[in-house]
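Chain by chain, the residues:
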Amino acid sequence: DTISSFEVPLDEALKQAYANSPDVDTYQRMRIESRSQLAQAKASRGLKADLYLQFGLSQTADKLKESYRNPMDQQYVSLSIAIPILDWGRGKGKVRVAKSQMELVDTQVSQAMTDFELNVRKMVRQFNLQARQVDVALRTERTARKRYDVAMKLYLMGKSSLLDLNAAISEKDSARRNCISAIQTYWTLYYGLRSMTQYDFEKNCPLWHNVD
């Protein structure tokens, strides 16, 4: 029933998230790949020439391995060149497609980075509020437990009804469930922030500092 009492600075959380989250690297890789595809499309358009060179030797023998020894003087060399006259606009089309794809990736990455930052801000805000929620839930549970104790004593003394006792029991159990739920939410946010930022805000150090 105990939690760590500290708050996460928003600026530090954003700094660590941008520095350590693998999502940021993924978005950067997507941008680099889209630009690489555009550069490749631009480089492959226009007039191209393919050069082919063949060289061969010949020999005959009764055994396979001997056919590769002392090749005969009947060597041949073939040289050819192929130059397409028209590409029917395929090069320009590939460039347009690659450019559109790059612009789409840029839009997607920009939106993803915005969502990423909003998610960090939301989690930090929720975490800093959740400690107070846990404190309220703990105090509510203690109060409900005291009311239950009083209701039980009054019932045993014959000064209250079974309905009053059942109401106290229900209030106590509900307060306990709310307390457990609040603590669960706290630790979920706690480790979610650690995972997202790879940083221990309680000890103010990266997570790998605590690894043997």
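Coordinates for the structure precede this section.
Here the structure is a predicted model, which is why all the values come from computation and not from measurement. (Residues numbered from 1 in each chain as written. Predicted model: local features only at pLDDT ≥ 70, side-chain atom pairs only at ≥ 80, totals over all residues. Heavy atoms only, no water.)

A word on the overall build of the protein chain. Within the protein chain, the secondary structure is distributed over four helices and four strands. Moving toward the C terminus, one meets the helices and strands of the protein chain in the order α-α-β-β-α-α-β-β. Pairs at least 24 apart in sequence give 75% of the contacts found in the protein chain among residues at least 6 apart. Of the roughly 15,400 Å² of accessible surface on the protein chain, 53% is carried by carbon and sulfur atoms. (Helix = DSSP H or I, 4+ residues; strand = E, 2+ residues; numbered from the N terminus. Contact = heavy atoms within 4.5 Å. Areas by Shrake-Rupley, 256 points an atom, 1.4 Å probe, with all protein chains shown as cover.)

Turning our eyes to something else, we now look at the packing of helix α2 (residues 22-44) against helix α3 (residues 90-156). Viewed as axis vectors pointing N to C, α2 and α3 meet at an angle of 170°, and their least axial separation amounts to 8 Å. Between α2 and α3, the interaxial angle falls into the category roughly antiparallel. A breakdown of the residues in the contact of α2 with α3 according to their chemical character gives 13 nonpolar, five polar and seven charged. (Axes fitted to C-alpha atoms, helices over the stretch in contact; angles between N-to-C directions. Parallel < 35°, antiparallel > 145°, perpendicular 65-115°, else oblique. Nonpolar A, V, L, I, M, F, W, Y, C, P; charged D, E, K, R; others polar.)

The grouping of K42, R45, K92, R96 and K99 at the surface amounts to a positive patch. No other element matches the three residues that α3 contributes to the positive patch. The residue K92 is located in helix α3 in this model. (Patch = residues over 30% accessible without salt bridge, like charges linked within 9 Å, V, L, I, M, F, W, Y side chains within 5 Å. Salt bridge = Lys/Arg side-chain N within 4 Å of Asp/Glu carboxyl O. Lys, Arg positive; Asp, Glu negative; His and termini not counted. Charge placed at Lys NZ, Arg CZ, Asp CG, Glu CD.)

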